[in-house]
Amino acid sequence: MTRTPSPASAPASPPALSPSLRVLIVMAATVIALAGVFFAREIVGPLALAMVLVVICEPVRRPFDRAGRPRWLGTTAVILVVYLVLLTMGALLWLAGTQFARLVADFADQLRASADEFLAWLVAAGLDEQASDAAASALDPGTILSLASSLGGTILGVATALFFVVSYVIFMAADAARYSEAEQKFGASSRPVLSRIRRLNSGIRRYYVVNASFGAIVAVLDGLALWWLGVPAPIVWAVLAFVTNFVPNIGFVLGLIPPAILAFVVGGWPMFFAVIAIYCVVNVVLQVLVQPKFVSDAVDLSLTLSFFSVIFWTFVIGPLGAILSIPLTLFVRALVLEGDPETRWLRWLSGDRSAGAAASDPPSPPLPTPDRAARKRP
């Protein structure tokens, strides 16, 4: 006859971690993971860019799959479209950077004259000599040429990173075709994970569709306005406005600086302020006030998180982080928060509207009023 162990002799369960200790452990693990990403940013950045490009271009495969074509044919189509996007964006960035450097060199004398006039105005306004020297160094053509050269070096670094993207794209596009069979291989058990992946991919595509649409509108309006004002190379600055539109919230500032400087050189203060006014009306209204709302609705991210993610991911992985900030934030949310019912409120704070209380959750019982509690007493 076997004896059942008494409760006193049963092994004691390990004590649960306190909520504050769990938070500290999660924060420590997050810092370690981000430190690893920071030191490996030269690898992680191109890898993330390749992943996003494959996700965007993956729908190109669907017509080939529906027609029963070989899998390699759809994969080749995805790779070619990704390469076409890379070449187009790289050419646009190279064109904007080289044209800006050339125009600054051509208008160096006018820029010096405009800088002298500005310094004279500073002295007349009563500013001290130190402030005048600082303004002179900032407006010096050599300083601006150095800035343009550093910008060109940054663009060259990004182009070098794109070289590694080329090989990543091939492998990811080939694997994407194999992953499409996951539900057939593993059945219903894989559906929750696959649903999260599909939702992530759909959010990334919607984000770039919204950005490209608003970028095209902003580029046309800016280009026409600059052409009407007589700013040199308006098409180049329209292209720059389209490219910088992919940097959320602060992209219009990056696209404003070159045409504003050239407007100051060519037309003085009136044209300078006219360009700033046009960009504030067009770019601020569309890119800062209207577009973030559409982006927030498209990807279910709060406006605050969208703005913060640009600064955060730029610090972590460099210039590519500004372009990939929203997709990376969506990826982290899908990896860390989605799938865990206890983190629904964190998802809701991040802007995920689907993270509200599930319809199947039983409603909380109403708290008893003092009269009702008194009636229940014997």
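The paragraphs below set out a description of the structure included in this document.

The rules behind these values
- Residues numbered from 1 in each chain as written.
- Predicted model: local features only at pLDDT ≥ 70, side-chain atom pairs only at ≥ 80, totals over all residues.
- Heavy atoms only, no water.
- Helix = DSSP H or I, 4+ residues; strand = E, 2+ residues; numbered from the N terminus.
- Expected span 1.5 Å × (residues − 1).
- Axes fitted to C-alpha atoms, helices over the stretch in contact; angles between N-to-C directions.
- Parallel < 35°, antiparallel > 145°, perpendicular 65-115°, else oblique.
- Left-handed = near helix turned anticlockwise from the far one by under 90°.
- Contact = heavy atoms within 4.5 Å.
- Nonpolar A, V, L, I, M, F, W, Y, C, P; charged D, E, K, R; others polar.
- Buried < 20%, exposed > 50% of the residue type's maximum accessible area, 1.4 Å probe, protein only.
- 1 Å grid on protein atoms, 1.4 Å probe; cavity = no way out; pocket = protein on both sides within 12 Å on 5 of 7 lines; lining within 4 Å.
- Points joined across faces, edges and corners; volume = space filled by probe spheres on them.
- Core = buried A, V, L, I, M, F, W, Y, C linked by side-chain atoms within 4.5 Å.
- Phe/Tyr/Trp six-rings, centres within 6.5 Å; stacked < 30°, edge-to-face > 60°.
- Lys NZ or Arg CZ within 6 Å of the ring centre and 35° of its normal.
- Patch = residues over 30% accessible without salt bridge, like charges linked within 9 Å, V, L, I, M, F, W, Y side chains within 5 Å.
- Areas by Shrake-Rupley, 256 points an atom, 1.4 Å probe, with all protein chains shown as cover.
- Salt bridge = Lys/Arg side-chain N within 4 Å of Asp/Glu carboxyl O.

Glancing now at helix H9 (residues 191-229). With 39 residues, H9 ought to run about 57 Å at 1.5 Å a step, and its terminal C-alpha atoms sit 56 Å apart, in line with that. Gly 230 sits one or two positions beyond H9 and adopts a positive phi of about 90°.

This next bit is on the packing of helix H2 (residues 41-57) against helix H4 (residues 71-106). Between H2 and H4, the least distance of the axes is 9 Å, while the angle of their chain directions is 120°. Taken together, the axes of H2 and H4 lie oblique to each other. Crossing of H2 over H4 shows right-handed handedness. Taking contact as the criterion, the partners of Leu 53, Val 54 and Cys 57 in H2 are, on H4, Val 78, Val 81, Val 82, Val 85 and Leu 86. Residues of the contact of H2 with H4, tallied by class, amount to eight nonpolar, no polar and no charged.

This part covers the environment of Val 299. With respect to the secondary-structure elements, Val 299 resides in helix H11 (residues 251-299). Sequence spacing of Val 299 and Ile 326 is 27 residues, and the spatial spacing of their C-alpha atoms is 8.5 Å. Sequence-distant contacts of Val 299, defined by excluding residues within four places in its chain, comprise Gly 203, Arg 206, Tyr 207, Ile 326, Leu 330 and Arg 333.

Attention shifts here to unusual backbone geometry. Phi angles above zero are rare outside glycine, and Ala 233 is one such case at about 55°. Checked against the element boundaries, Ala 233 lands in the loop between H9 and helix H10 (234-244). By relative accessible area, Ala 233 is classed as partly exposed at 22%.

Let us look at the layout of surface pockets. Size it by volume and the largest pocket reaches roughly 1,500 Å³. Surrounding the largest pocket, 37 residues form its lining, Thr 30, Val 332, Arg 333, Val 336 and Leu 337 being those nearest its centre. Of all the secondary structure elements, the ones that give two or more residues to the lining of the largest pocket are helix H1 (19-39), H2, helix H12 (303-317), helix H14 (325-336) and helix H15 (344-349). Looking at the lining of the largest pocket, the element that brings in the most residues is H1, giving eleven residues. Per-class residue counts for the lining of the largest pocket are 28 nonpolar, five polar and four charged.

Below, the discussion takes up the nonpolar core. Among the nonpolar cores identified, the biggest contains 39 residues, and Val 299 and Leu 324 are the most heavily contacted of them. Elements supplying a minimum of two residues to this core: H2, H4, helix H7 (141-179), H9, H11, H12 and H14. Looking at this core element by element, the count peaks at eight residues for H2. Counting 19 residues, the second-largest nonpolar core is a separate cluster that includes Val 104, Val 231, Leu 256 and Met 271.

All chains considered together, the criterion is met by twelve aromatic pairs. Where Tyr 207 meets Tyr 208, the ring centres are 4.8 Å apart and the plane angle is 70°; that geometry is what we call edge-to-face. Per residue, the accessibility class of Tyr 207 equals that of Tyr 208, and both read buried. Here a set of aromatic residues connected by ring pairs shows up, and it is made of Tyr 207, Tyr 208, Phe 242 and Phe 246. In this arrangement the basic side chain of Arg 41 is found over the ring face of Phe 38, its NZ or CZ atom lying 4.2 Å from the centre.

All right, on to the packing of H4 against H10 then. Contact pair H4 / H10: the axes reach a minimum separation of 9 Å and the direction vectors enclose 130°. Relative to H10, the element H4 is oriented oblique. For the crossing formed where H4 meets H10, the hand is left-handed. Residues Met 89, Leu 92, Leu 93, Leu 95, Ala 96, Gln 99, Phe 100 and Leu 103 of H4 lie in contact with H10, whose contacting residues are Val 236, Trp 237, Val 239, Leu 240 and Val 243. Within the contact of H4 with H10, the residues separate by chemical class into twelve nonpolar, one polar and no charged.

It is worth spelling out a nonpolar patch on the surface at this point. A grouping of Leu 21, Val 23, Leu 24, Ile 25 and Met 27 is seen on the molecular surface, where their side chains present a nonpolar patch of about 460 Å² in accessible area. With respect to the element layout, Val 23 can be found in helix H1. Judged by relative accessible area, Val 23 falls into the partly exposed class, the value being 46%.

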